[in-house]
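# Chains, contacts and geometry: an overview
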Amino acid sequence: MKKKYSLGLIISLLLVFSTACTSQQSQGNEKKKELTFLSNFPSETLDPHLNFTPVRAGISETLIKVDENQELEPWLAESWESKDNGSTWVMKIKEGIHFQNGKKVDAEAVKDSLQRNIEVSEAMKASLKIKSMEADKQILTIITEKPLPQFPSELVHPNTAIIDSKAENIEEKPVGTGPFKIQSFDANSSLKLQKNSNYWDGNVKLDQVTMMFNEDANARTAALQSGDADISYRPALESMEALKKDPAIKTDFVTSLRDQFLLYNFKNELLQDPNVRKAFDVLLDRNEVAQKTLAGQASPAEGPFVPDSLFSPEYAKKEFSIRSAKSYLSKAGIDMKDGKAFNDGKPLSLKVLTYSYRPELPLMAQLLQANAKELGLDIEIQTAENIDEYMAEKDDWDIATYSMISDPRGDAAYFFNAVYMPGGAMNHSNLQNKELTKAIEKLNETVDKAERAKLAKEASAIIDKETLHSFIVHPKNFVAYKDDVLNWETSKSEYYMITKDLDVKTKNQ
């Protein structure tokens, strides 16, 4: 998930900044509109079936997209329907769309792309559950292994992007349908894009875009202030007040669909006890976490979905209490002696895993460590370079601070299936809760939208009752950009960033 940046990378960054970054440059007599976007999203590959960057960069597109109200809308697909409650889906592909290499996008091309998708990504194979596909001109009929009412929302996932699957070097230069095509790519460093003049959905305003990756928030702020970047995604939070006062810079905050939460490793017998999990649930002051780790740009979380979500039930008020934490540990059989916690006669010590790609998470781990110390409980904090890989390969961690978008596509099924079902792609906790599994299976079989929302609430309530995870805060998405940038929209889903409408002012505007 995160990568360290070498001196060579930093030099490369500076060179690109010094040569590529202006809002408007001249080449001969032709003036080109250019923009540099600096983010914390490193990309080891540009394979759209494994990485979100191609959709974020406007290189590739999906059949269906989601708007800011979390409603599905057509993108490459004109329409879709199922007449058998989600086992057979008929997708009509829009006419007049071509890949960036000129090849026509028809049902056969979409079929080939989806087939490659489920071959290279086990996670997408598990989500899409495609049994067979049949292409006829612009009509693609997909039969799933079992009824999948949420199938259209699964096709919003950036990893389902439609590409020319026959093209070479998909890892570095995939051929999509988007408004920008790849000029050059340096893994985890930079991506240069040029305008797709034959874009199917209208005029593309920018001629060239440079996307830079840097995990250092202060470096992202400095690049914007010096004029080396036009848009800085997630600059240093402590710099936002100063940036707001700069008349040449605009700032934007948007409530995200993301959670910062505690994962518990259920392979640890101690953490299988709900009283132990409840002890950690009350050991963090959610308001304090929002203030100290995110400068107040977050709201306390009660569950996996934001409070006004259709999938959020009524929760009891979340508590912060060292005394209650001690009481829960006592119920779990943890002994207290001379200010120290003991389990089976041995001093209790736990490992908390975190990662610095999101700098607020190590800070949250430190707050947990400080409060646990008051209980006489030792916590060792370990920072993983790639936390997903670490948790997939090792079981020597007890708790992890984690961040994830829970409601990216207008349906709760993705989150529940990925995080809580046995074998789920994101079930890092190794959870197997029978009551919750049954509730999710019922949700998966239900077509009616209102009934699905009701079942999602019930599943959320089970997660809360059992404290399967502890949801701490919902952070905001925040961006700062130069005032000559036009049509920038901060996306809740974080899926769509470089668009055909993104623009910069010219001298005459």
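For the structure itself, consult the block above.
Now for a quick tour of the structure. No experiment lies behind these values; they were computed from the predicted model shown.

## A short note on helix α9 (residues 286-294)
- Where α9 is concerned, the buried positions are R286, V289, A290, T293 and L294. End-on, the buried residues of α9 take up no more than an arc of 105°, which puts them together on one face. Facing away from the buried side of α9, by more than 90 degrees, are the exposed residues N287, Q291 and K292.
- Residues of α9 that are buried sit in contact with β14 (258-264), α8 (274-281), β15 (298-300), α11 (360-374) and β22 (469-482).
- Looking at where α9 begins, the residue whose side-chain oxygen comes 3.0 Å from the main-chain nitrogen of N287 is D285.
- Where α9 terminates, the next one or two residues include A295, which has phi positive at roughly 50°.

## Observations regarding the nonpolar core
- In terms of nonpolar packing, the biggest core is built from 142 residues, with L63, M91, L191, F280, F416, Y420 and W488 touching the most fellow members.
- Once residues lying within four places of it in the same chain are set aside, the contact partners of Y420 are F415, N427, L431, L436, I440, I463, L468, H469 and F471.

## Re unusual backbone geometry
- Within the chain, K129 stands out as a residue other than glycine whose phi angle is a positive 50°.
- Along the polypeptide, K129 turns up in the loop between α4 (122-128) and β7 (130-136).
- Despite not being glycine, T467 has its phi angle at roughly 45°, a positive value.

## Observations concerning the environment of N51
- Tracing the chain through its elements places N51 in the loop between β2 (30-39) and α2 (53-56).
- A C-alpha to C-alpha distance of 9.9 Å links N51 and A161, two positions 110 residues apart in sequence.
- Discounting chain neighbours no more than four positions away, the residues touching N51 are P42, S43, E44, T45 and N159.

## Points about the layout of surface pockets
- In this structure, the second largest pocket spans a volume of roughly 690 Å³.
- Lining the second largest pocket are 34 residues; nearest its centre among them are Q70, R409, G410, D411 and K449.
- Counting only elements with at least two residues in the lining of the second largest pocket, the list comes to α5 (151-154) and α15 (449-466).
- Ranked by the residues each element gives to the lining of the second largest pocket, the list is headed by α15, at 4 residues.

## Remarks on the pairing of strand β19 (residues 349-354)
- Within β19, 5 of the 6 residues are buried, leaving the element largely enclosed by the surrounding structure.
- Pairing of β19 with strand β20 (residues 378-383), which is carried by 6 bridges, proceeds in the parallel orientation. Bridge assignment links S349 to a residue of β20, and that residue is D378.
- Regarding the hand of the β-α-β motif, the stretch spanning β19, α11 and β20 is right-handed.
- Looking at chain direction, β19 and strand β21 (residues 399-405) are connected through 2 bridges and run parallel. By the bridge assignment, L353 is partnered in β21 with A400.

Cut-off values and rules
- Residues numbered from 1 in each chain as written.
- Predicted model: local features only at pLDDT ≥ 70, side-chain atom pairs only at ≥ 80, totals over all residues.
- Heavy atoms only, no water.
- Buried < 20%, exposed > 50% of the residue type's maximum accessible area, 1.4 Å probe, protein only.
- Helix = DSSP H or I, 4+ residues; strand = E, 2+ residues; numbered from the N terminus.
- Arc of directions from axis to C-beta.
- Contact = heavy atoms within 4.5 Å.
- Polar contact = N/O pair within 3.5 Å; in protein donor to acceptor, adjacent residues only side chain to side chain.
- Core = buried A, V, L, I, M, F, W, Y, C linked by side-chain atoms within 4.5 Å.
- 1 Å grid on protein atoms, 1.4 Å probe; cavity = no way out; pocket = protein on both sides within 12 Å on 5 of 7 lines; lining within 4 Å.
- Points joined across faces, edges and corners; volume = space filled by probe spheres on them.
- Pairing = 2+ DSSP bridges.
- Right-handed = clockwise from strand over helix to strand, strands pointing away.

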